[in-house]
Amino acid sequence: MIAAISVVSNTSIPTNLTVISCLKSKKPPSKNPRNLNQTLKFLTKSGNLDEAIRLIESSPSKFTDPETYSQLLHSCISRKSLHHGQRVYKQLLKQEDSEKLLENHNLKSKLITLFSVCGELDEARIIFENAVENEGVPESVWVAMAIGYSKNGFLREALLVYVEMLWNCMEPGNFAFSTALKACADLKELWVGRGVHAQVVKSSEGPDQVVNNSLLRLYTQCECFDEVLKVFDQMPERNIASWNSLISGFVKEDKLGEALDVFRRMQREGVGFSWVTLTTVLPICARVTALCSGKEIHVQIVKSARRPDVLLLNSLVDMYVKCGVFDYGRRLFDGMRSKDLTSWNTMLTGYGINGYMGVAMDLFNEMVSCGIRPDDVTFIALLSGCSHAGLTEDGQKLFHRMEMDFGVTPSLEHYACLVDMLGRAGRIDDALVVVKNMPMRPSGSIWGSLLNSCRLHSEVPLAEAIAKRLFEIEPYNPGNYVMLSNIYANAGMWDSVNMVREMMQTRRIRKEAGCSWVQVKNKIHTFVAGGGFKFRNSDEYKKVWNKLREAMEEVGYVTNTDVVLHDVNEETKAMWVCGHSERLATVFSLIYTAAGMPIRITKNLRVCIDCHSWIKIVSRVTGRVIVLRDTNRFHHFKEGACSCNDYW
């Protein structure tokens, strides 16, 4: 609550024995105005609004102090009690000197705030318009109306109040600036926000921390990261909200390593953290599989004197399951005192992406038996898991149960999962029937699933027809062009491959490079396919690589060069496969982590068949558990086997 609108008195309120005994014995209170005011203040402070208002109604002439009504209205606002607020307003109107009382700007601000928080914006607007008809109306009245609109979701109207204030030659202060900037941030009105920023700079009143934090939030929401850094660096003082905005800015720029560095810097400088900080940082740990950082945050939560809320615990469970440690995520989930639907969905998603669909279905049945009604997210998690686990029949039954048993109407995402499920299983004709009979127009993701099915099952003519549709729907999505090119390459149609590549060059579409990353000693290390020349030429790399090669030759491993979809010789193909990013990340981890320690790798694309086979053998010859997360799912490699059972 902004102080100009909601003034809290710092005056101590004496409550002597005479007043208390009067209340207990239910005798009429003393008619002494001083005692009456003390009694009213006591009742107001203790939240006994009915008694307080009845006291005014019984002796209205004794209560003429605006501060008395201000405190009473503040109590009504705190409790969002429209009924009591209206009774107070009625008493104000009944006063002999009501006009004088209602000229009090603090009371006007309180009344506007009261009706706004209770959703009565029309009433608030009437009071506001009556107030601004007079000259010399302070900023607090304008800000109260603007905040009222903002709190009720009328952000443009809040900005219009600010503009109207400027038209009336009112010089805005920090309260007005922060309110206008918040509206600009929520509306992503960058240019209006820049205009307000210019007024902040020109103002004779220097910006306070609230205004600076509002500027940070504006530029973060509008993805103007240079301005975020500039405002942050120029702030004379920073609080937790300032640091949270900087972390959010890095996340929006996809600079996840830098975001984690900012969080560590917060801790070094003794800033501390809020639950908002942690619910921002934990998803970063989940995205880059930074389990060590996630565990550090968990330790800080355990050490905190405050009890974590459901939102934070959901983020923590999400971090563990998306780092492949789903068993620990389940322990946390089971230990939660209260769970919401997101808690269940998080755990179901974790089992789905880790390939444990049997456990997922058991948990789903438990969820339903507990009276938790599943939603669309629940079924996306389950259907996607069935698709990647090859559970086509189970997935189809689940799809049909959605609407019949749970009243969840299938959306495009659910149909995409069903089409993908059928296509992966080789039932492309059935998938096409689903697409034909869908109640909505198929999206790019649905056609993309069909194109991937054509790749898996070498359906070249159908792939060409589907790709044609995709190029119309998503003309600049590089994945569609790469998929079609790969289908042609698998079929040995090199002229068609060149045609697709020329099309990409003409349209200036670039293929996304394969990239993998690992966390070692609190640092995120990134590897790009075909890169890492300095690392690959190091003595440490050559030593480990040669040992792996010898061990693999003993078990009969031969590089599968079919995964290289370029018309080059076999030697070049083998060299390119060895430079895949997941292999570089694996070797790096073998060098720089302790023996026996699990290796956790994240990749931005689907792992190739040969790298999948290679990592299986690495896990066997080194005795390491290797957890690889690609765009589809988790692969848990242990003793030469993978949890996906080679179906992904």
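Residue numbers here run from 1 along each chain, matching the order of that chain's written sequence. Predicted model: local features are reported for residues with pLDDT of at least 70 only, side-chain atom pairs are reported and counted for 80 or more only, and whole-chain, interface and lining totals are derived from all residues. Remark: hydrogens and water are excluded; side-chain values derive from all non-hydrogen atoms of the structure.

## What to know about the overall build of the chain
At step 1: Note on conventions: DSSP H or I runs of at least 4 residues are helices, E runs of at least 2 residues are strands, and numbering of each starts at the N terminus. Along the backbone of the chain there are 35 helices and six strands.
At step 2: For the chain, with 648 residues in total, the buried portion stands at 49%.
At step 3: Residues are treated as being in contact if the distance between any of their heavy atoms lies within 4.5 Å. Across the chain, every contact between residues at least 6 apart in sequence was considered, and the portion connecting residues at least 24 apart equals 64%.
At step 4: Of the roughly 31,900 Å² that the chain leaves accessible, carbon and sulfur atoms contribute 51%. Any residue under 20% of the maximum accessible area for its type is buried, any over 50% is exposed, and the rest in between are partly exposed; the area is computed with a 1.4 Å probe on protein chains only. Surface exposure here means Shrake-Rupley accessible area, sampled with a 1.4 Å probe, where a residue is shielded only by the protein chains that are shown.

## Things to note about the sheet that holds strand β6 (residues 641-642)
At step 1: Read from one edge of the open sheet, six strands run β2-β1-β3-β4-β5-β6, paired in mixed fashion. The open sheet has two edge strands, β2 (523-528) and β6, and neither has a second partner.
At step 2: Across four bridges, strand β4 (residues 626-629) lies against strand β5 (residues 634-638) in antiparallel orientation. By the bridge assignment for β5, L628 is matched with H635.
At step 3: Running over the sheet, helix α35 (residues 609-622) touches β4, β5 and β6 and is turned about 40° from β5. In this scheme, strands are said to pair when DSSP sees at least two bridges between them. The convention used is that axes are lines fitted to C-alpha atoms, helices contributing only their stretch in contact, and that angles between N-to-C directions extend from 0 to 180 degrees.

## Quick notes on the packing of helix α19 (residues 310-322) against helix α20 (residues 326-335)
At step 1: Where α19 meets α20, the axes come as close as 7 Å, and the angle between the chain directions of the two elements is 160°. Between α19 and α20, the interaxial angle falls into the category roughly antiparallel. Note on packing geometry: the crossing formed by α19 with α20 is left-handed. Here L316, V317, Y320 and V321 of α19 come into contact with α20, specifically with F326, Y328, G329, L332 and F333.
At step 2: Tallied by class, residues from the contact of α19 with α20 come to eight nonpolar, one polar and no charged. If an angle is under 35 degrees, it is roughly parallel; if it is over 145, roughly antiparallel; if it lies from 65 to 115, roughly perpendicular; otherwise it is oblique. Working rule for handedness: look at the near helix, and if it is turned counterclockwise from the far one by less than a right angle, call the crossing left-handed; if clockwise, right-handed. Amino acids outside the nonpolar list (Ala, Val, Leu, Ile, Met, Phe, Trp, Tyr, Cys, Pro) and the charged list (Asp, Glu, Lys, Arg) are all regarded as polar, and Gly is one of them.

## Brief notes about the pattern of salt bridges
At step 1: Every case where a carboxyl oxygen of Asp or Glu lies within 4 Å of a side-chain nitrogen of Lys or Arg is listed as a salt bridge. On inspection of all chains with the given rule, the structure shows 19 salt bridges.
At step 2: The salt bridge involving D334 is made with R330; its shortest N-O contact spans 3.0 Å. Of the two residues, D334 and R330 both sit in helix α20, four residues apart, roughly one turn of that helix.

## Comments concerning helix α3 (residues 49-58)
At step 1: Looking at α3, one finds that the buried residues are L49, A52, I53, L55 and I56. Down the axis, α3 shows its buried residues gathered within 150° of arc, on one side only. For this quantity, the arc is that covered by the directions from the helix axis to the C-beta atoms.

## So, the UniProt feature "repeat: PPR" (unreviewed entry) in the chain
At step 1: UniProt positions are given in the numbering used here, feature names are shortened, and annotations may be inferred rather than shown by experiment. Following the UniProt record, the feature "repeat: PPR" (unreviewed entry) maps to residues 239-273, 340-374 and 375-410 here.
At step 2: Helix makes up 74% of residues 239-273 and strand 0%, with an end-to-end C-alpha separation of 9 Å.
At step 3: Secondary structure across residues 375-410 divides into 81% helix and 0% strand, with the first and last C-alpha atoms of the span separated by 10 Å.

## Considerations on the side chain of T346
At step 1: Secondary-structure assignment places T346 in helix α21 (residues 341-354).
At step 2: Accessibility expressed as a relative area gives 10% for T346, which makes it buried.
At step 3: Excluding its chain neighbours within four sequence positions, the residues that come into contact with T346 are N314, V317, D318 and V321.

## With respect to the pairing of strand β3 (residues 599-603)
At step 1: The buried count for β3 comes to five of five residues, which makes it a mostly enclosed element.
At step 2: Alternating residues of β3 divide into I599, I601 and K603 and R600 and T602, and every residue in both groups is buried.
At step 3: Examined bridge by bridge, strand β1 (residues 515-520) and β3 share two bridges and lie antiparallel to one another. Paired with S516 across the two strands is K603, which belongs to β3.

## Comments concerning the pairing of β2
At step 1: Relative to β2, β1 runs antiparallel, the two being bridged by six bridges. Paired with C515 across the two strands is V528, which belongs to β2.
At step 2: Here β1 hands over to β2 after two residues, with K521 in that stretch at a positive phi of 55°.

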